Amino acid sequence: MQGLRWVQLGGEDLDSFLDRGGTGVLSFGTTAEEPPFSIPVSYGYYADEGHFYFQLSFPEGHSGGKAAVLDRPVSFVVYAETDDGWHSVVATGSLEEISDEPYESAAVQGMWAVQIPAVDIFERPPDDVTFRDFRLVPDRVTGRKEVETGE
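Given the structure is predicted, the values throughout are model-derived calculations rather than measurements.

Considerations on the overall build of the chain
Then step 1. Helix and strand counts for the chain stand at 2 helices and 9 strands.
Then step 2. For the chain, the α and β elements follow one another from N to C terminus as β-α-β-β-β-β-β-β-α-β-β.
Then step 3. Residues counted as buried form 37% of the 151 residues belonging to the chain.
Then step 4. Within the chain, contacts between residues separated by at least 24 positions form 71% of all contacts whose residues are at least 6 apart in sequence.
Then step 5. Accessible surface, the chain: about 9400 Å² in total, of which carbon and sulfur atoms supply 46%.

So, in structure tokens, the structure goes:
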């Protein structure tokens, strides 16, 4: 009978998994009395630097929400079943807004080097929604992948 276990995902395996870009869950820290503020997001990953990039929406007339927690620590979780089994990655750190950075900055160049999947989930046309660009330079990244055991 075959068994499954998890091993650490790192190096080229981690970059290869994340380099596909895709979707994950971005969670913002809150007070001890409140649950984290979590939202599904599309992301791009720049393997050369190990940075994650996001285009977050800020619909007009919606105060609070993510705008109220942008300065708090975040965790970002990506998980998927691949041809090699389940993979997951958790990155932690703080977001930095790069919307107003100069074109020549490393942050903007990194953003242009990735492809963030477009997901249309808004009640109004995307042209009517304000998007702002952010980068996560993680303090910590951990990953796991599923492997079969011979048991």
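This is not the end of the story, as more comes after the structure.
Concerning helix α1 (residues 11-18)
Then step 1. Within the span of α1, buried status applies to Leu-14, Phe-17 and Leu-18. Relative to the axis of α1, the buried residues are bounded by an arc of 90° and lie together on one face.

Section: the pattern of salt bridges
Then step 1. Under the defined criterion, the tally for this structure stands at 3 salt bridges.
Then step 2. Between Lys-145 and Asp-13 there is a salt bridge; the shortest N-O distance is 3.2 Å. Of the two residues, Lys-145 is situated in strand β9 (residues 140-149) and Asp-13 in helix α1; the sequence distance between them amounts to 132 residues.
Then step 3. A residue is classified by how much of its surface remains accessible, and Lys-145, at 21% relative accessible area, is partly exposed.
Then step 4. Judged by relative accessible area, Asp-13 falls into the partly exposed class, the value being 41%.

Describing the nonpolar core
Then step 1. Core analysis: the biggest nonpolar cluster contains 24 residues, and Leu-18, Leu-26, Phe-52, Phe-54, Leu-56, Phe-76 and Leu-95 have the highest contact counts within it.
Then step 2. Setting aside anything within four residues of it in sequence, one finds Phe-52 in contact with Leu-18, Tyr-43, Gly-44, Tyr-45, Phe-76, Ala-91, Phe-134, Arg-135, Leu-136 and Pro-138.
Then step 3. If you look at the next biggest cluster of nonpolar residues, it comprises 6 residues, including Ile-98, Ala-107, Met-111 and Ile-116.

As for the pairing of strand β4 (residues 51-58)
Then step 1. Taken across its 8 residues, β4 has 7 buried, putting it largely inside the fold.
Then step 2. Taken together, the 3 bridges between strand β3 (residues 37-46) and β4 define a ladder with antiparallel strand orientation. The partner of Tyr-45 across the bridge, within β4, is Phe-52.
Then step 3. Inspection of the sheet shows β4 paired to strand β8 (residues 130-136) by 7 bridges, in the antiparallel sense. Residue pairing across strands places Phe-52 opposite Leu-136, the latter belonging to β8.

Examining the confidence of the model for the chain
Then step 1. Here the chain averages 83 in pLDDT, while 81% of its residues score no lower than 70.
Then step 2. At the low end of the mean pLDDT range in the chain sits helix α2 (residues 106-112), at 75; at the high end sits strand β6 (residues 85-93), at 94.

Side note on the packing of aromatic side chains
Then step 1. Summed over all chains, the structure comprises 6 aromatic pairs.
Then step 2. Seen from their ring centres, Tyr-43 and Phe-76 are 5.2 Å apart, and the 70° between their planes marks the pair as edge-to-face. Taken together, the residues span a long stretch of sequence, with Tyr-43 in strand β3 and Phe-76 in strand β5 (residues 74-82) at a distance of 33 residues.
Then step 3. For Phe-76, a relative accessible area of 1% gives the class buried.
Then step 4. On the numbers, 4.9 Å between centres and 50° between planes, the contact of Tyr-45 with Phe-52 is tilted. Like Tyr-45, the residue Phe-52 is buried in the burial classification.
Then step 5. Here the aromatic cluster, defined as three or more aromatic residues joined through ring pairs, consists of Tyr-43, Tyr-45, Phe-52, Phe-54 and Phe-76.

Definitions and cut-offs
- Residues numbered from 1 in each chain as written.
- Predicted model: local features only at pLDDT ≥ 70, side-chain atom pairs only at ≥ 80, totals over all residues.
- Heavy atoms only, no water.
- Helix = DSSP H or I, 4+ residues; strand = E, 2+ residues; numbered from the N terminus.
- Buried < 20%, exposed > 50% of the residue type's maximum accessible area, 1.4 Å probe, protein only.
- Contact = heavy atoms within 4.5 Å.
- Areas by Shrake-Rupley, 256 points an atom, 1.4 Å probe, with all protein chains shown as cover.
- Arc of directions from axis to C-beta.
- Salt bridge = Lys/Arg side-chain N within 4 Å of Asp/Glu carboxyl O.
- Core = buried A, V, L, I, M, F, W, Y, C linked by side-chain atoms within 4.5 Å.
- Pairing = 2+ DSSP bridges.
- pLDDT = per-residue confidence, 0-100.
- Phe/Tyr/Trp six-rings, centres within 6.5 Å; stacked < 30°, edge-to-face > 60°.

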